[in-house]
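# Survey of secondary and tertiary structure
Take a look at the letters that make up each chain.
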Amino acid sequence: MNPTLNIAVKAARKAGSIINRASLDLDLLKVTTKQPNDFVTEVDKAAEAAIIQVLKDAYPDYGILAEESGLTDSAKGSEFQWIIDPLDGTTNFIHGMPQYAVSIALAQKGVVTQAVVYDPNRNELFTASKGGGAFLNDRRIRVSKRVRLQDTLIGTGFPYRVFDHADAYLAIFKELMKKTSGLRRPGAASLDLAYVACGRYDGFYEFGLAPWDIAAGTLLISEAGGLVSDLAGESDYLRTGNIVAGTPKIFSQLLQTITPHLGENLKA
């Protein structure tokens, strides 16, 4: 395994152990609201601090973009930046719903080169290095071989903070209900993307995500033979937060189904 990826795995596992311990005492958890329907717990903060310490010890000059602490000053002058979500799926975690993950990516000049998505519940470790393939617990993974939209299982996420595009979501959801085998919305985008990479889903779409939600997962998909784009079919998803992903054949059908429902502000 790439030495840099090894460090990211070490950091993710350390965060995972903090999360697992806390999951045994959810009644004691202190929860604060960042904004409506957007929560942070002391576990998010402790997991993020543990991740940052491991990464800083190994690479003190790399920049960091992390969900809870924001952009750190060490990004100045470095072409490398860690992109961290210490607990993706906090709302699930608070409710004892076992669908959440640690997501860590490394970008070089804005291009993601290393990725880790770690599910501490199932002890599933998804990893990828640019040009080196994608893996689940050291086993090579590939996107599914399905080619017809009607045979697919598609992952998505619904708006939970900003509801400006709710009508577009519902229209897309309604059409895909009719055109696919099923839709799922478990509530942790990093795992959704990892599931596309290993063939559990055949595609995924969501709007308005943050870079730390998708940076690691998108590299997993690319390295597993899948395609990822924003809603315009371009590669600007880390900036826009709008994403469509899937197997090569399903990706294009998914994008064609979604696009007619979008207003100009979503296509940008």
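Quick caveat, the model's predicted, so the values are computed rather than measured.

Thresholds, definitions, all that
- Residues numbered from 1 in each chain as written.
- Predicted model: local features only at pLDDT ≥ 70, side-chain atom pairs only at ≥ 80, totals over all residues.
- Heavy atoms only, no water.
- Pairing = 2+ DSSP bridges.
- Helix = DSSP H or I, 4+ residues; strand = E, 2+ residues; numbered from the N terminus.
- Axes fitted to C-alpha atoms, helices over the stretch in contact; angles between N-to-C directions.
- Contact = heavy atoms within 4.5 Å.
- Phe/Tyr/Trp six-rings, centres within 6.5 Å; stacked < 30°, edge-to-face > 60°.
- Buried < 20%, exposed > 50% of the residue type's maximum accessible area, 1.4 Å probe, protein only.
- Lys NZ or Arg CZ within 6 Å of the ring centre and 35° of its normal.
- Polar contact = N/O pair within 3.5 Å; in protein donor to acceptor, adjacent residues only side chain to side chain.
- Salt bridge = Lys/Arg side-chain N within 4 Å of Asp/Glu carboxyl O.
- Parallel < 35°, antiparallel > 145°, perpendicular 65-115°, else oblique.
- Left-handed = near helix turned anticlockwise from the far one by under 90°.
- Nonpolar A, V, L, I, M, F, W, Y, C, P; charged D, E, K, R; others polar.

Strand order in the open sheet formed by 5 strands is S12-S11-S13-S15-S14, with mixed pairing between adjacent strands. Both edges of this open sheet fall to strand S12 (182–184) and strand S14 (227–229), since each of them pairs with a single strand only. Here the average twist between neighbouring strands, direction ignored, is 15°. Pairing geometry for strand S11 (residues 153–156) and strand S13 (residues 203–206), over 3 bridges, is parallel. Considered in S13, the bridge of glycine 155 is made with phenylalanine 204. Each of S11, S13 and strand S15 (243–246) touches helix H5 (residues 189–197); the most contacted strand, S13, lies at about 155° to it. Strands in contact with helix H8 (residues 248–258) are S11, S13, S14 and S15; relative to S15, the strand with the most contacts, it is inclined by about 145°.

Another point: the packing of aromatic side chains. For any pair of aromatic rings, the description consists of the separation of the ring centres together with the inter-plane angle of the planes. According to the stated counting rule, one finds 9 aromatic pairs in the structure shown. Judged by centre distance (6.4 Å) and plane angle (50°), the rings of phenylalanine 126 and tyrosine 195 are tilted. Separated by 69 residues along the polypeptide, phenylalanine 126 in strand S8 (residues 124–129) and tyrosine 195 in helix H5 bring together distant segments of the chain. Owing to a relative accessible area of 10%, tyrosine 195 belongs among the buried residues under this scheme. An aromatic cluster of three or more residues is present, and its members are Tyr59, Tyr62, Phe80 and Trp82. A cation sits over an aromatic face here: arginine 200 above tyrosine 195, 4.8 Å from the ring centre.

The next thing to look at is the environment of glutamine 114. Within the element layout of this structure, glutamine 114 appears in strand S7 (residues 111–119). Along the backbone, glutamine 114 and leucine 238 are 124 residues apart, and their C-alpha atoms lie at a distance of 15 Å. Apart from residues lying up to four places away in sequence, glutamine 114 is in contact with Asn2, Thr4, Leu5, Ile104, Ala105, Leu106, Ala128, Ser129 and Leu219. Only 2.6 Å separates the side chain of glutamine 114 from the side chain of serine 129, close enough to count as a polar contact.

Looking now at the pattern of salt bridges. Within the structure shown, the criterion is met by 6 salt bridges. The closest approach of N and O atoms between aspartate 119 and arginine 122, which form a salt bridge, is 2.5 Å. For arginine 122, a relative accessible area of 39% corresponds to the partly exposed category. Put simply, arginine 200 and glutamate 124 hold a salt bridge, and the shortest N to O gap is 2.8 Å. Of this pair, arginine 200 sits in the loop between H5 and S13 while glutamate 124 sits in strand S8; the two residues are 76 residues apart in sequence, bridging distant segments of the chain. By relative accessible area, arginine 200 is classed as partly exposed at 33%. Here glutamate 124 falls in the buried class, since its relative accessible area comes to 13%.

Of all 8 residues in strand S6 (residues 101–108), 7 are buried, a share of seventy percent or more. Bridge count between strand S5 (residues 80–88) and S6: 7 bridges; the pairing is antiparallel. The partner of aspartate 88 across the bridge, within S6, is alanine 101. Bridge count for S6 against S7 is 7 bridges, and the pairing is antiparallel. Pairing of alanine 107 across the sheet is with valine 112, part of S7. Between S6 and the antiparallel strand that follows it, S7, lie 2 residues; lysine 109 among them carries a positive phi value of about 50°.

Glancing now at H5. Taking burial as the measure, the 9 residues of H5 include 9 buried ones, the bulk of the element. Buried residues of H5: Ala189, Ser190, Leu191, Asp192, Leu193, Ala194, Tyr195, Val196 and Ala197, and no others. Just past H5, the residue glycine 199 takes up positive phi, approximately 90°.

It is at 10 Å that the axes of helix H4 (residues 166–179) and H8 come closest, and there the two elements cross at 135°. For the element pair H4 / H8, the angle class is oblique. In this structure, H4 crosses over H8, and the sense of that crossing is right-handed. For the pair H4 and H8, contact is made by Ile172, Glu175, Leu176 and Lys179 and by Leu254, Thr257 and Ile258, respectively. Residues of the contact of H4 with H8, tallied by class, amount to 4 nonpolar, 1 polar and 2 charged.

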